[in-house]
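Each chain, written out:
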Amino acid sequence: DGGITQSPKYLFRKEGQNVTLSCEQNLNHDAMYWYRQDPGQGLRLIYYSQIVNDFQKGDIAEGYSVSREKKESFPLTVTSAQKNPTAFYLCASSAKTGGSTDTQYFGPGTRLTVL
Amino acid sequence: AQSVTQPDIHITVSEGASLELRCNYSYGATPYLFWYVQSPGQGLQLLLKYFSGDTLVQGIKGFEAEFKRSQSSFNLRKPSVHWSDAAEYFCAVGDGRSQGNLIFGKGTKLSVKP
């Protein structure tokens, strides 16, 4: 089955630790995205990548880092510099890399809790 | 700047009743509009999208939405709600930049009474 997988589903982290969230897609999509979701806030874009070895900051990139070494993978690292990392993180991908007509398809999400 | 407003944070309807979820957007050019649904603890599923052409768009699960340029609206409708429709619904607009990013509303939570 084609789709987007995120792991783990739940993640707990102590303050001051970095943690990496996994996102893998087998849809052969070029573009991938990371969003953060907080209750009542909708989705906010963290980073996106249109092509391997290239990525751009979204609206709330501070305290996060990404890599795009393979087309199918776009891991997100939440660093200790992120002041309030507890949230639900969603990964998405889209087939095309240009234009607002791209339809984004979402993974099941990872819930990160900082203890 | 582009923006999306979903005026209703929470709506409760009875099973079998009709549903309309409101979405208003602010965008200078022709918008590309989407509705997504999210069940608790899950990712988002695309319900429907509007790019151009017929302003009444049909989607999955019996949903439809109508684009009204004069009102800057893209309201989601369903004639008869089922208990399984209880979820959170997000409206989104393509932000017009080449990378195809989406701007999301803050969502409307739908509860269904038996």
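This one's a predicted model, so the numbers in the text were calculated from it and none came from an experiment. (Residues numbered from 1 in each chain as written. Chains lettered and ligands numbered in written order. Predicted model: local features only at pLDDT ≥ 70, side-chain atom pairs only at ≥ 80, totals over all residues. Heavy atoms only, no water.)

Some thoughts on the overall build of chain B
Consideration 1: When helices and strands are counted, chain B shows zero helices and 12 strands.
Consideration 2: What you see in chain B, going N to C, is helices and strands ordered as β-β-β-β-β-β-β-β-β-β-β-β.
Consideration 3: What you see for chain B is a C-alpha radius of gyration of 14 Å, in line with the 13 Å of a compact globule of 114 residues.
Consideration 4: Taken along the three principal axes of its C-alpha coordinates, chain B extends 45 × 30 × 20 Å.
Consideration 5: Within chain B, the proportion of its 114 residues that are buried is 46%.
Consideration 6: Pairs at least 24 apart in sequence give 52% of the contacts found in chain B among residues at least 6 apart.
Consideration 7: Both charge centroids of chain B, one from 11 positive and one from 9 negative side chains, sit 4 Å from each other. (Helix = DSSP H or I, 4+ residues; strand = E, 2+ residues; numbered from the N terminus. Rg over C-alpha atoms; globule rule 2.2 N^0.38 Å. Buried < 20%, exposed > 50% of the residue type's maximum accessible area, 1.4 Å probe, protein only. Contact = heavy atoms within 4.5 Å. Lys, Arg positive; Asp, Glu negative; His and termini not counted. Charge placed at Lys NZ, Arg CZ, Asp CG, Glu CD.)

A short note on the overall build of chain A
Consideration 1: Along the backbone of chain A there are zero helices and 11 strands.
Consideration 2: A principal-axis box enclosing the C-alpha atoms of chain A has dimensions of 40 × 30 × 30 Å.
Consideration 3: Across the 115 residues that make up chain A, the buried fraction comes to 50%.
Consideration 4: By sequence separation, contacts in chain A at least 24 residues apart represent 54% of the contacts at least 6 residues apart.
Consideration 5: Accessible surface, chain A: about 5,400 Å² in total, of which carbon and sulfur atoms supply 48%. (Areas by Shrake-Rupley, 256 points an atom, 1.4 Å probe, with all protein chains shown as cover.)

What about the state of the cysteines?
All names here are of chain A.
Consideration 1: For the structure shown, the criterion picks out two disulfides over all chains.
Consideration 2: In this model, cysteine 23 is linked to cysteine 91 through a disulfide, with the two sulfur atoms separated by 1.8 Å. Its torsion about the S-S bond being -75°, the disulfide of cysteine 23 and cysteine 91 is classed as left-handed. Of this pair, cysteine 23 sits in strand β3 (residues 19-25) while cysteine 91 sits in strand β9 (residues 87-94), and the two are 68 residues apart along the sequence. (Disulfide = S-S within 2.5 Å.)

Quick notes on the sheet that holds strand β7 (residues 64-66) of chain A
Residues and elements named next belong to chain A.
Consideration 1: Here four strands make up an open sheet; going across it, the order is β1-β3-β8-β7 and the pairing antiparallel. Edge positions in the sheet fall to β1 (4-7) and β7, since each of these pairs with one other strand and no more. Strand after strand, the sheet turns through a mean of 20° between neighbouring axes, direction not considered. (Pairing = 2+ DSSP bridges. Axes fitted to C-alpha atoms, helices over the stretch in contact; angles between N-to-C directions.)

Considering the layout of surface pockets
Consideration 1: Taken as a whole, the largest pocket holds about 530 Å³ of empty space.
Consideration 2: Contributing to the lining of the largest pocket are 26 residues, with Gln37, Pro39 and Gly40 of chain A together with Glu88 and Phe90 of chain B lying nearest its centre.
Consideration 3: Within the residue set of the lining of the largest pocket, elements represented by two or more residues are β4 (31-38) and β9 of chain A together with β1 (3-5), β10 (87-94) and β12 (108-113) of chain B.
Consideration 4: Broken down by element, the lining of the largest pocket gets its largest block of residues, three residues, from β10 of chain B. (1 Å grid on protein atoms, 1.4 Å probe; cavity = no way out; pocket = protein on both sides within 12 Å on 5 of 7 lines; lining within 4 Å. Points joined across faces, edges and corners; volume = space filled by probe spheres on them.)

Thoughts on the side chain of serine 93 of chain A
All names here are of chain A.
Consideration 1: Along the chain, serine 93 turns up in strand β9.
Consideration 2: One polar contact links serine 93 to histidine 29, side chain to side chain, over a distance of 2.7 Å.
Consideration 3: Leave out the neighbours within four places in its chain, and serine 93 touches Ile4, Gln25, Leu27, His29, Ala31, Met32, Tyr33, Thr103, Gln104 and Tyr105. (Polar contact = N/O pair within 3.5 Å; in protein donor to acceptor, adjacent residues only side chain to side chain.)

Focus on the environment of tyrosine 33 of chain A
Residues and elements named next belong to chain A.
Consideration 1: For tyrosine 33, the location among the structural elements is in strand β4.
Consideration 2: Among the residues examined, tyrosine 33 registers a relative accessible area of 1% and is labelled buried.
Consideration 3: Distance in space between the C-alpha atoms of tyrosine 33 and lysine 71 is 12 Å, their sequence separation being 38 residues.
Consideration 4: A distance of 3.1 Å separates polar atoms of two side chains, one belonging to tyrosine 33 and the other to serine 94.

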